[in-house]
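Report on the structure
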Amino acid sequence: MNWIRKRGFCLIGVFVLLLLTAGSALAALPPHKRICVLVSEEASGWFRQNLAVGTAETLIKQELLANGYPVVNEAMVEKVKKDQRARLLEQGNPKAIRELGKIYDIRIFLVGKATLAEPLKNDFGTFTGTATVAVQAYSTGDAKYLLAETASAKELGGTPDEAAQKALETAARTIAKKLAAGGSGASQAGIPLQMRVVVEGITDFKLANEVLFACRKIPSVTEAEIESYQGGTATIRLAYRGSTKELGDALSRQGLPITVTGAAGNTVRAKAN
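Described in the following lines is the structure provided in the data block. Positions within a chain are numbered from 1, following the residues in the order the chain's sequence is written. Per-residue local features of the predicted model are confined to residues with pLDDT of at least 70, and side-chain atom pairs are confined, for both listing and counting, to 80 or more; whole-chain, interface and lining totals are unaffected and use all residues. To get the side-chain values, take all heavy atoms of the structure and skip hydrogens and water.

Topic: the overall build of the protein
Our working rule: Every helix listed is a DSSP run of H or I at least four residues long, and every strand listed is a run of E at least two residues long, numbered separately from the N terminus. Whether a residue is buried, partly exposed or exposed follows from its accessible area with a 1.4 Å probe, protein chains only, as a fraction of its type maximum: under 20%, in between, or over 50%, in that order. Contact between two residues is taken to exist if any of their heavy atoms lie within 4.5 Å; hydrogens are not considered. Exposure was quantified through the Shrake-Rupley algorithm and a 1.4 Å probe, taking into account, for residues, occlusion by the shown protein chains and nothing else.
The helix and strand tally for the protein stands at seven helices and ten strands. Buried positions account for 43% of the 273 residues belonging to the protein. In the protein, once contacts between residues fewer than 6 apart in sequence are set aside, the share between residues at least 24 apart is 64%. Accessible surface, the protein: about 14300 Å² in total, of which carbon and sulfur atoms supply 55%.

What follows is the structure in structure tokens.
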């Protein structure tokens, strides 16, 4: 009897853990509330002279707007940034959150930082850029902490600037899609599964990038990045709401110079034409 009771408690514990995990995976910003997005950018080891400053903030705004979120305009964002209390927002200061929200009629502050590492030259004569975007959201009514998300990305580029910019854009889009998961334009059917697309017979990283960009256009793909590229084989890791077969079929319709040869487990395989 004791054994049955203990087993029952274990099963309940596992069930609760799964519910908590699922809730975390689908965390999204509350809809229909005015949002102010404030994301700073920081680069280490070099000066971003040729890169677009404000990329992460802009891409997050665009994704939220596309999913029906009421994001405040740039003029309002600039007013908030000029307020001396704005520097306290990233620290989650309750007083600053409540006061700024009341003054500027904002319901949610989404604050964070995008960090770029110095791009490194790889074995193929190109560069690998790495970027991380981390954000936190606060409700202005009660200064309540709502959620936090972090995303990192690696991208290849012909120059250090190109690699860094691509990595920043990928990380920012990944964050934005996570935040907008509860918006009007996003699917709520299932938790994204980690999958891989393996393409053989690739002669340069240009095709690898084309496959990557095509994967990102597929509906229900929430994130995608090149995991490896060596020996003529590119591996792309992505998160997808659907089956491996559906992913393979969707990839076949992207007009790429590749042929999908199989889809099993969590991997779609293809060959360059």
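From this point, things continue past the structure.
Some thoughts on helix α4 (residues 94-103)
An α-helix turns once per 3.6 residues; consequently, residues spaced three or four apart project the same way. Rule in force here: Comment: arc refers to directions from the helix axis out to C-beta atoms.
Among the residues making up α4, those that are buried are A96, I97, L100 and G101. Across the axial projection of α4, the buried residues extend over an arc of 120 degrees, all falling on one side. Structural note: α4 exposes K95 and K102 on the side pointing more than 90 degrees away from its buried face. The elements touched by buried residues of α4 are β2 (108-116) and β4 (127-139).

Remarks on the pattern of salt bridges
Threshold: One side-chain nitrogen of Lys or Arg within 4 Å of one carboxyl oxygen of Asp or Glu is enough to make a salt bridge.
Tallied over the entire structure, the rule returns 16 salt bridges. With its nearest N and O atoms 3.9 Å apart, the salt bridge here joins E78 to K81. One end of the pair, E78, and the other, K81, are both in helix α3 (residues 74-82), three residues apart, so they sit about a helical turn from each other. Across the pair R85 and D83 runs a salt bridge whose closest N-O atoms are separated by 2.9 Å. Of the residues examined, R85 reaches a relative accessible area of 27% and is grouped as partly exposed. The class for D83 is buried, based on a relative accessible area of 14%.

Notes on unusual backbone geometry
Despite not being glycine, D105 shows a phi value in the positive range, around 55 degrees. By the element assignment, D105 lies in the loop between α4 and β2.

Description of the packing of aromatic side chains
Operational definition: Stacked, tilted and edge-to-face pairs are distinguished by plane angle, under 30 degrees for stacked and over 60 for edge-to-face with tilted covering the rest, among Phe, Tyr and Trp rings (Trp via its six-membered ring) whose centres lie within 6.5 Å.
Evaluated as defined, the whole model comprises one aromatic pair. Their ring planes at 65 degrees and their centres at 5.9 Å tell us that Y138 and Y145 sit as a pair that is edge-to-face. For Y145, a relative accessible area of 47% corresponds to the partly exposed category.

Quick word on the pairing of strand β9 (residues 258-264)
For clarity, the cut-off: Note on pairing: two strands pair once DSSP finds at least 2 bridges between them.
Pairing between β9 and strand β10 (residues 267-272): six bridges, direction antiparallel. Within β10, the residue paired with G262 across the bridge is R269. Turn length for the β9-β10 hairpin, with the two strands adjacent in sequence and antiparallel, is two residues, and the turn residue G265 shows positive phi of about 65 degrees.

A short note on the environment of L193
Relative to the assigned elements, L193 resides in strand β6 (residues 193-200). Residue L193 is classed as partly exposed on the basis of its relative accessible area, which comes to 47%. For the pair L193 and L238, spaced 45 residues apart in the sequence, the C-alpha separation amounts to 8.1 Å. Here L193 is in contact with L238, A239, Y240 and G242, once residues within four sequence places are set aside.

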